[in-house]
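Residue strings, one per chain:
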Amino acid sequence: MAEDIHIRQSIVVRARPDVLYRLALEPRRRVRWDPNLARAEYEGGENTRLTPNVRVRFKFSRRLFGLSFTAKYGQLQAPLRGGWESVRHVGPFERLTQSWTFKAMPGGTEVTLGMNGRIRYRWVHKPVERLMHNLVISTLTALQRQVDAPGAQLMEDMGREMQRKQKEEQKAAKEAAKAARRRR
């Protein structure tokens with residue numbers, strides 16, 4: 001009675017594939033920017049590295065029901081692709097997998113995030129599919145924001161600096177005009 005859900009979305013991000021690979025697949029980095037994850041850590045401790053068959057414990061955020069599960073990394077091919085598969089069932093899922101692909105292109109990298117799940121109960125198929133679709137889109141959007149954040153902050157800082165200089169110049173011009181009127 002199990003039914004499958006397959007979701008795949010792509011987005012172009014202005015960053016190198018190797019940077020995006022580490023951000024998306026390294027649990028310690030991922031939990032910092034992904035709003036869908038409350039916790040992500042290697043099962044083997046702090047000294048564990050991103051390698052095939054290494055296990056990671058994930059905990060989704062509250063809006064994703066706070067589901068906790070263990071996943072096993074596989075198909076790691078830095079910096080082109082990687083992903084994980086749940087070790088046991090996860091809530092309504094018999095099996096849950098996530099895959100990332102990073103394709104370099106002019107101006108950035110095409111990032112594709114895919115999620116596949118085998119639903120244990122037919123009656124939750126539609127709401128869970130909608131939830132998974134939102135999870136994929138929000139994760140890709142958060143990744144893009146994470147990469148663009150330093151550039152956006154730099155632009156904001158430059159804008160403030162220009163605004164401050166313009167105000168100082170206007171103030172200096174007003175004072176010069178006042179001084180010129182007094183001299184007459």
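Up top you'll find the structure we're talking about.
What you see is a predicted model; the values in this text were computed from it and never measured. (Residues numbered from 1 in each chain as written. Predicted model: local features only at pLDDT ≥ 70, side-chain atom pairs only at ≥ 80, totals over all residues. Heavy atoms only, no water.)

Draft legend 1. Highlighting the overall build of the protein. A tally of regular secondary structure across the protein gives three helices and seven strands. Along the chain direction, N to C, the helices and strands of the protein fall in the order β-α-α-β-β-β-β-β-β-α. In terms of C-alpha radius of gyration, the protein reaches 24 Å, well past the compact-globule figure of 16 Å for 184 residues. If one aligns the C-alpha atoms of the protein with their principal axes, the spans along those axes are about 95 × 35 × 35 Å. In the protein, which comprises 184 residues, the share counted as buried stands at 35%. Separation of charge centres in the protein, based on 37 positive and 19 negative side chains, amounts to 4 Å. (Helix = DSSP H or I, 4+ residues; strand = E, 2+ residues; numbered from the N terminus. Rg over C-alpha atoms; globule rule 2.2 N^0.38 Å. Buried < 20%, exposed > 50% of the residue type's maximum accessible area, 1.4 Å probe, protein only. Lys, Arg positive; Asp, Glu negative; His and termini not counted. Charge placed at Lys NZ, Arg CZ, Asp CG, Glu CD.)

Draft legend 2. How the structure looks around the pairing of strand S7 (residues 108–119). Burial analysis of S7 places nine of its 12 residues in the buried class, which makes it a mostly covered element. Note that strand S1 (residues 3–13) and S7 share 11 bridges and pair antiparallel. Residue pairing across strands places Glu3 opposite Ile119, the latter belonging to S7. Here strand S6 (residues 93–105) pairs with S7 via 12 bridges, running antiparallel. Paired with Met105 across the bridge in S7 is Gly108. What sits between the antiparallel neighbours S6 and S7 is a turn of two residues, in which Gly107 has the positive phi angle 90 degrees. (Pairing = 2+ DSSP bridges.)

Draft legend 3. A look at the nonpolar core. In this structure, Phe58, Trp100 and Val111 are the most contacted members of the largest nonpolar core, which totals 42 residues. Within the residue set of this core, elements represented by two or more residues are S1, helix H1 (17–25), strand S2 (37–42), strand S3 (55–60), strand S4 (68–77), S6, S7 and helix H3 (125–183). (Core = buried A, V, L, I, M, F, W, Y, C linked by side-chain atoms within 4.5 Å.)

Draft legend 4. Molecular detail of the sheet that holds strand S5 (residues 81–86). The sheet built from seven strands is open, its strands ordered S1-S7-S6-S5-S4-S3-S2 with antiparallel pairing. Of all the strands in the sheet, just S1 and S2 have a single pairing partner and so form its edges. In this sheet, adjacent strand axes meet at a mean angle of 20 degrees when their direction is disregarded. As paired elements, S5 and S6 share five bridges and run antiparallel to each other. (Axes fitted to C-alpha atoms, helices over the stretch in contact; angles between N-to-C directions.)

Draft legend 5. Summary view of a positive patch on the surface. Taken together, the side chains of Lys174, Lys178, Arg181, Arg182 and Arg184 make up a positively charged region of the molecular surface. The topology assignment puts Arg184 in the segment after H3. Judged by relative accessible area, which is 81%, Arg184 ranks as exposed. (Patch = residues over 30% accessible without salt bridge, like charges linked within 9 Å, V, L, I, M, F, W, Y side chains within 5 Å. Areas by Shrake-Rupley, 256 points an atom, 1.4 Å probe, with all protein chains shown as cover. Salt bridge = Lys/Arg side-chain N within 4 Å of Asp/Glu carboxyl O.)

Draft legend 6. Just the side chain of Ser86, in detail. In this structure, Ser86 sits in strand S5. For Ser86, the side chain forms a polar contact with the main-chain oxygen of Arg88, separated by 3.3 Å. (Polar contact = N/O pair within 3.5 Å; in protein donor to acceptor, adjacent residues only side chain to side chain.)

Draft legend 7. Summary view of the environment of Glu110. With respect to the helices and strands, Glu110 occurs in strand S7. Residue classification places Glu110 among the partly exposed positions, given a relative accessible area of 27%. Sequence separation of Glu110 and Val12 is 98 residues, and the distance between their C-alpha atoms is 4.4 Å. Look past the residues within four positions of Glu110 in its chain and what remains in contact with it is Ser10, Ile11, Val12, Thr101, Phe102, Lys103 and Met105. (Contact = heavy atoms within 4.5 Å.)

Draft legend 8. Local environment of the pattern of salt bridges. Applying the stated criterion across every chain, the model contains 11 salt bridges. One connected set of salt bridges, linked through shared partners, spans Arg16, Asp18 and Arg22.

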